[in-house]
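Structural overview
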Amino acid sequence: MSILDAAGKKQLTQQERFEKTRTLVYGSSAKASTELASEVAALIRSRKEEGKNVVLGLATGSTPVPFYRALIRLHKEEGLSFENVITFNLDEYYGLVRDHPESYYRFMRDQLFDHVDVPEANINIPDGTVSLDTVYESCLDYEKKIEDAGGLDLQILGIGRTGHIGFNEPGSTEDSITRMITLDRVTRQDAAADFMGVANVPRSAITMGVGTILKAERIVLMAWGGNKAEIVRDAVEGEITDQISASFLQNHPNATFLVDQAASTRLTRVRYPWLVGSVDWDDSMTKRAVVWLSQKLEKPFLKLVDEDYNEAGAGELLASTSHEAYQVNIDVFNAVQHTISGWPGGKPGVDDENRPERAEPNPKNVLVLSPEPSDAFIGMGGTIDRLIDQGHNVNIVCQTSGNLRVSDAAAHNFASVVSEMAETGIGEGWDAQAKYAGEIQQALEDKGEFGVDPDLVRKLKGLILRGEARDAASICGYQRKKVGKVTFVDLPFYETGRYRRFHLRQEDVDSMQALLQSFSPDSVFATGDASDPSSPQAICFAAFRQAWQKIYDCEGSRDGECSVWLYRSRDQPLESHEIEMAVPMSPDQAAIKSDALRKFNSLSEQEYNAAQRNRDIAISYDHLGMAQYEAIEAFRRW
Ligand code: F6R
């Protein structure tokens, strides 16, 4: 099915009937981006043959990066020329000079324009440096320029968690035009890692309006990763509202959402498939439907009756199994009950048939993969504590140094302590150390507020984070039990990259492969499977996955020999029906986890509050009719 030609929109299938904007679900962002790029290439070429230009509206952020890479490849390897392309970018931060490392101007140069042959004069990006009293005029000029170019043939969009397209935050009207806007709190938080702290993120931006975007001939909005799933559903299936500017695309005759699997998980056809057609009622589908029913009706499993199933649209489940509600309820109750285990490494010496983890071997070699050093503690700090307590050999592997998260102030403090020690004579013969501290201070000063850290500074920031991770581990049982290991592998992709622009390399996979081979785990805990593909979490997961496949595809299956559990750290938490191991936490353990997280100085408020998410999971289990726990950490099998 063509992406750019949405003529099929009017013929939605039964499955898609809740979707008011055409939505195509792809196996991966890479596949969707390559396909879109080749359709755009065909458009550029056919226009060229007609002697005409193509006017493209472009977006920044992590979402379009794979699409731009695919365009660059087509230019370099297949001779695609951009000479007849005119571009208009959606937006720019207000107050950032063009060469600021986070300006959208810089971004577009790095990610696309410096690698293809778009004529300089054809590139248009809103100017974030105009004085306040000329903003209005310059926005009108931008509108006029688009019009003079013949209007946008194709507008590429991403979507923010507020539902914004461009920077059209909640409250933007359908007919809004290019203007200055105040950025939403959520949007600024999402940009915090790029700017090394939310305080540094600009408060306003210049953006094309919703009306400007809707005038485009065709519109393609891309969304990747689980954190976008909810807003994609709201924009595609919900009411049209100025609180979600992407919902206005429902009014456009040729708009298409391209999403990967993780971003599609909240669409009705994916989440509640029995509402849009017939399904195969296997155990997992049954569990999913009964959890949904219980939550929808706010009734615990064991109180659901036949009529509840029928009235909510899940009558087919009872009919197809010829069971009464009573039996189905009990089966699902037991299945969910069996996910609960205080023995995440398996309970030795007991029948393990209905336990999430096998009893033997015991103790186990447990590998906990933490993409950034804090991830493992955010996602499974309580479980680490239990694993250690229960005598397993736990190795927390921090896959990246995470140094981009550490503030300049932290590096500065360290350097000040060292130079003061040298000065006060406590550190006698500390000439070399004093010189090092001086170099750090100088480098921080030279790079300015947003400059790129030189290697020396990145290294120090990474070491600071290592210290924090060791402190957190010691709170999660390492100190008490005097066992456990924290390993730092500093995967290379991270050391030379920036947020939103990372990509996996062969050395990363090799490094993970060496680690797996040397540690030979009995169980692995990993995260990042549903993350934004350009995030360190997703790339670390891809490195692990490729390494795993390389080893076990050669050596044969390790089924039963090594279990792999997935946890969530910064991403959308697992939903009740997805959980395959629920590790309960006592109030004391929840407090231990919070203490461990406080060791990390660079976490956001939301990340510090991870224990609250664990409380929410416990509440949802409680509402299903399971035992009441203080908090639960949740896992899914890979
Ligand atoms: C950027 C833009 C924004 C982004 C959105 C998603 O030019 O217009 O609407 O598309 O904030 O950002 P990412 O792709 O980084 O998740």
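Presented here is an overview of the structure given in this document. (Residues numbered from 1 in each chain as written. Predicted model: local features only at pLDDT ≥ 70, side-chain atom pairs only at ≥ 80, totals over all residues. Heavy atoms only, no water.)

1. Observations regarding the sheet that holds strand 11 (residues 365-370)
Going by this rule: Here, strands pair whenever DSSP counts at least two bridges between them. What counts as a helix is a DSSP run of H or I of at least four residues, what counts as a strand is a run of E of at least two, and both are numbered from the N terminus. Think of each axis as a best-fit line through the C-alpha atoms, taken over the contacting stretch in the case of a helix, with angles from 0 to 180 degrees between the N-to-C directions. What makes two residues a contact is simply this: any of their non-hydrogen atoms within 4.5 Å.
With respect to topology, seven strands assemble into an open sheet ordered 13-12-11-14-15-17-16, the strand pairing being mixed. Of all strands in the sheet, those with a lone pairing partner are strand 13 (485-488) and strand 16 (581-585), marking the two edges. Across this sheet, the average inter-strand angle for adjacent strands is 25 degrees, counted without regard to direction. As defined by bridge partners, strand 12 (residues 393-398) adjoins strand 13 across four bridges and the pair is classed as parallel. Counterpart to Val-397 in the pairing with strand 13 is Thr-487. The sheet strands contacting helix 19 (residues 506-519) are strand 11 and strand 12, and the helix crosses strand 11 at an angle near 160 degrees.

2. Thoughts on the packing of aromatic side chains
Rules: For Phe, Tyr and Trp, where Trp contributes only its six-membered ring, two rings pair if their centres lie within 6.5 Å, and the inter-plane angle classes them as stacked under 30 degrees, edge-to-face over 60, or tilted in between. Burial classes follow relative accessibility: with a 1.4 Å probe on protein chains only, a residue under 20% of its type's maximum area counts as buried, one over 50% as exposed, and anything between as partly exposed.
Summed over all chains, the structure comprises 23 aromatic pairs. Relative to Trp-548, the ring of Phe-544 lies with its centre 5.7 Å away and its plane at 55 degrees, an arrangement referred to as tilted. On the criterion of helical spacing, the pair formed by Phe-544 and Trp-548 is a turn pair, its members being four residues apart in helix 20 (residues 536-555). For Phe-544, a relative accessible area of 0% translates into the label buried. Taken together through their ring pairs, the aromatic side chains of Phe-541, Phe-544, Trp-548, Tyr-552 and Trp-638 make up a single cluster.

3. Quick notes on helix 14 (residues 375-389)
Our working definition: Any helix carries an expected span of 1.5 Å times its number of residues minus one. The reported bend at a residue is simply the angle between two axes, fitted to the 7 residues ending at it and to the 7 residues beginning with it.
The end-to-end C-alpha distance of helix 14 is 20 Å, a good match for the 21 Å that 15 residues give at a rise of 1.5 Å each. The sharpest bend along helix 14 comes to roughly 80 degrees, located at Gly-381. Of all 15 residues that make up helix 14, 14 are buried, and the element is covered over most of its length.

4. Digging into the pattern of salt bridges
Put simply, the rule reads: Any carboxyl oxygen of Asp or Glu within 4 Å of a side-chain nitrogen of Lys or Arg constitutes a salt bridge here.
For the structure shown, the criterion picks out 41 salt bridges. Between Arg-269 and Glu-19 there is a salt bridge, and its shortest N-O distance comes to 2.7 Å. Of this pair, Arg-269 sits in helix 9 (residues 268-271) while Glu-19 sits in the segment before strand 1 (22-26), and the two are 250 residues apart along the sequence. According to the relative accessible area criterion, Glu-19 is buried, its value standing at 3%. Here Asp-110 makes a salt bridge to Arg-501, at a shortest N to O gap of 3.8 Å. Taken as a pair, Asp-110 in helix 3 (residues 104-111) and Arg-501 in the loop between helix 18 (492-495) and helix 19 lie far apart in primary sequence, 391 residues in all. Under the relative-accessibility criterion, Asp-110 is labelled partly exposed at 30%. One connected set of salt bridges, linked through shared partners, spans Asp-99, Glu-102, Arg-106, Arg-109, Asp-110, Asp-114, Glu-120, Arg-498 and Arg-501.

5. Concerning the side chain of Gln-390
Its place among the elements puts Gln-390 in the loop between helix 14 and strand 12. The class for Gln-390 is buried, based on a relative accessible area of 19%. Dropping the residues within four chain positions of it, Gln-390 is found in contact with Gly-342, Trp-343, Pro-344 and Gly-345.

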